[in-house]
Amino acid sequence: MINLRKILSNRDLVREKSPLIHAITNPIAINMVANAILFQGAKAICAEHPDEMEDIVKISDSLSVNLGNITDSRIKSIELAVKFANKKNIPVIIDLVGVGASKLRYDFAKKLLENYKFSLIKGNGSEILAISGNDSNAKGIDVGEKDKTNGENIEKFIEISKDLCQKYQTSVLITGKTDILVGEKEYFLIENGCENLSKITATGCMLTSLISTFLSVTNPIEASILGLLILEISGEISDRKELYSFFVNLMDNISIISDDEICKRAKIREGKF
């Protein structure tokens, strides 16, 4: 049975340790990603020059890599950073942005997964279908209508994720209206959030950075649950018609949301294999 209070205690650990979180993300999202990390009491660095990857990873406590807005330079930097992170044994998240829409991103993601170790693979339904070799209906970097997580296909997504977990010795997070988090022996369905989170840029990237922040002090399952609840419940509290006002209030709530509010609103179902 999930112990939410124990998971929430990782917030105090982050504030106490102030870990350095290295996020290689796309330029569209850098500001929001760095702030989401800082708001948790951690330090952020978004370095991406290939020649400094070894130095930066050496002093970092976790790493996230994001395939959005990919460039030749960022491809080189991502592989070097993952290589050095594996050597240092620090946790790494890969965010599979756009692998269902681009052969370049798909091929690069497969290369990384086949050659390096990741603590968590994250993607929407279309991205996870693509990387697992299934038909994907990606709409650019967004999930296709047929690939959205819903009551009819959740079991299918759990099985696909379970196979990926076994193949790559990792955990898998599929984001959507129902978030599906799968580990070696268990899975979790999280049903928090609001529609407006999909209407502003970089919320998925911020989620990756939040998870990476908590991954510096705990395991991928606890880190993912915590990141999801902070972002999605903050979205619920902030929800309003005006999207820019929603965005500003979302950022505020990510920085101040209380443990009690999270416990009161969390919608989590747990299953075992």
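All values reported here derive from a predicted model rather than from experimental measurement. Along each chain, residues carry numbers from 1 onward, in the same order as the chain's sequence is written. Local features in this predicted model are restricted to residues whose pLDDT is 70 or higher, and side-chain atom pairs enter the listing and the counts only when it is 80 or higher, whereas totals over whole chains, interfaces and linings include all residues. The basis for every side-chain value is the complete set of non-hydrogen atoms in the structure, without hydrogens or water.

Novice: How would you sum up the UniProt feature "binding site: ATP" (unreviewed entry) in the chain? Please name residues and give values.
Specialist: UniProt positions are given in the numbering used here, feature names are shortened, and annotations may be inferred rather than shown by experiment. UniProt feature "binding site: ATP" (unreviewed entry): in the numbering of this structure it lies at Lys122 and Thr175. The greatest C-alpha distance among the residues just named is 7.6 Å, despite their covering 54 residues of sequence, which places them together in space. Position of lysine 122 relative to the elements: it lies in strand β5 (residues 120–124). Between buried and exposed lies partly exposed: a residue is buried under 20% and exposed over 50% of the maximum accessible area for its type, with that area taken using a 1.4 Å probe on protein chains only. When its relative accessible area of 4% is taken as the criterion, lysine 122 is described as buried. Secondary structure elements are taken from DSSP: a helix is a run of H or I of four residues or more, a strand is a run of E of two residues or more, and numbering for both begins at the N terminus. On the secondary structure map, threonine 175 appears in strand β6 (residues 171–175). Judged by its relative accessible area of 21%, threonine 175 falls in the partly exposed class. In this description, contact between two residues means that some pair of their heavy atoms is separated by no more than 4.5 Å. Setting aside residues up to four positions removed in sequence, threonine 175 forms contacts with Lys122, Gly123, Asn124, Gly125 and Leu207.

Novice: Kindly report on the side chain of asparagine 124, identifying the contributing residues and their values.
Specialist: The residue asparagine 124 is located in strand β5 in this model. Only 3.2 Å separates the side chain of asparagine 124 from the backbone oxygen of isoleucine 141, close enough to count as a polar contact. Once residues lying within four places of it in the same chain are set aside, the contact partners of asparagine 124 are Ile141, Asp142, Val143, Ile174 and Thr175. Throughout this description, a polar contact denotes any pair of N or O atoms lying within 3.5 Å of each other; where both atoms belong to protein, one of them has to be capable of donating a hydrogen while the other can accept it, and for residues adjacent in sequence the pair is counted only when both atoms sit in side chains.

Novice: An account of the packing of aromatic side chains is needed here, citing residue identities and associated values.
Specialist: Ring pairs are drawn from Phe, Tyr and Trp, using the six-membered ring of Trp, whenever the two centres fall within 6.5 Å, and their geometry is named by plane angle: stacked under 30 degrees, edge-to-face over 60, tilted for the rest. The full count for this structure, using the stated rule, is two aromatic pairs. Where tyrosine 187 meets phenylalanine 273, the ring centres are 5.6 Å apart and the plane angle is 40 degrees; that geometry is what we call tilted. Of the two residues, tyrosine 187 sits in strand β8 (residues 186–190) while phenylalanine 273 sits in the segment after β9 (268–272), which places them 86 residues apart along the sequence. Ring geometry for tyrosine 244 and phenylalanine 247: centres 5.6 Å apart, planes at 55 degrees, overall tilted. Of this pair, tyrosine 244 and phenylalanine 247 both sit in helix α10 (residues 243–256), three residues apart, roughly one helical turn. A relative accessible area of 64% means that tyrosine 244 is categorised as exposed. Only lysine NZ and arginine CZ atoms are considered, and such an atom sits over a ring when it is within 6 Å of the ring centre and within 35 degrees of the ring normal. Lysine 162 extends its terminal NZ or CZ atom over the ring of phenylalanine 273, reaching a point 4.6 Å from the ring centre.

Novice: Any details on the sheet that holds β8? Residues and values, ideally.
Specialist: Whether two strands pair depends on DSSP finding at least two bridges between them. Strands sit in the order β2-β1-β3-β4-β5-β6-β7-β8-β9 across an open sheet of nine strands; the sheet is mixed. The outermost strands of the open sheet, each flanked by one partner alone, are β2 (43–45) and β9. In this sheet, adjacent strand axes meet at a mean angle of 15 degrees when their direction is disregarded. The strands touched by helix α4 (residues 72–88) within the sheet are β1 (20–24), β3 (62–66) and β4 (92–95), with β3 carrying the most contacts at an inclination of about 155 degrees. Fitted lines through C-alpha atoms serve as axes, helices being fitted only where they are in contact, and the angles separating the N-to-C directions of these axes extend from 0 to 180 degrees.

Novice: Tell me about the side chain of asparagine 196, residues and numbers included.
Specialist: By the element assignment, asparagine 196 lies in the loop between β8 and α8 (203–215). You can call asparagine 196 buried: its relative accessible area is 10%. Contacts of asparagine 196, omitting those with residues within four sequence positions, involve Asp239, Arg240, Leu243 and Phe246.

Novice: Residues and numbers for the environment of leucine 226, please.
Specialist: Mapped onto the secondary structure, leucine 226 falls in helix α9 (residues 220–238). You can call leucine 226 buried: its relative accessible area is 1%. For the pair leucine 226 and phenylalanine 214, spaced twelve residues apart in sequence, the C-alpha to C-alpha distance is 7.6 Å. Contacts of leucine 226, omitting those with residues within four sequence positions, involve Ile7, Leu8, Asn10, Arg11 and Phe214.

Novice: Report on α10, specifying residues and quantitative values.
Specialist: Take the number of residues in a helix, subtract one, and multiply by 1.5 Å to get its expected span. Over its 14 residues, α10 extends 20 Å from the first C-alpha to the last, a length consistent with the 20 Å expected when each residue adds 1.5 Å. Along α10, the residues classified as buried are Phe246, Phe247, Leu250, Met251, Asn253 and Ile254. Looking straight down α10, one finds its buried side chains confined to an arc of 165 degrees; they lie on one side. Exposed and facing more than 90 degrees away from the buried side of α10 are Tyr244 and Ile256. On its buried side, α10 packs onto α2 (30–38), α8 and α9. Starting at the helix axis, one direction is taken to each C-beta atom, and the arc is that of these directions.

Novice: Give a detailed account of the UniProt feature "binding site: substrate" (unreviewed entry) in the chain, specifying residues and quantitative values.
Specialist: Feature annotation in UniProt places "binding site: substrate" (unreviewed entry) on Ala202, given in this structure's numbering. Summarising the element assignment, alanine 202 is placed in the loop between β8 and α8. Exposure remark for alanine 202: the relative accessible area of 8% places this residue in the buried category. Apart from the residues lying within four places of it in its own chain, the contact partners of alanine 202 are Ala29 and Met32.

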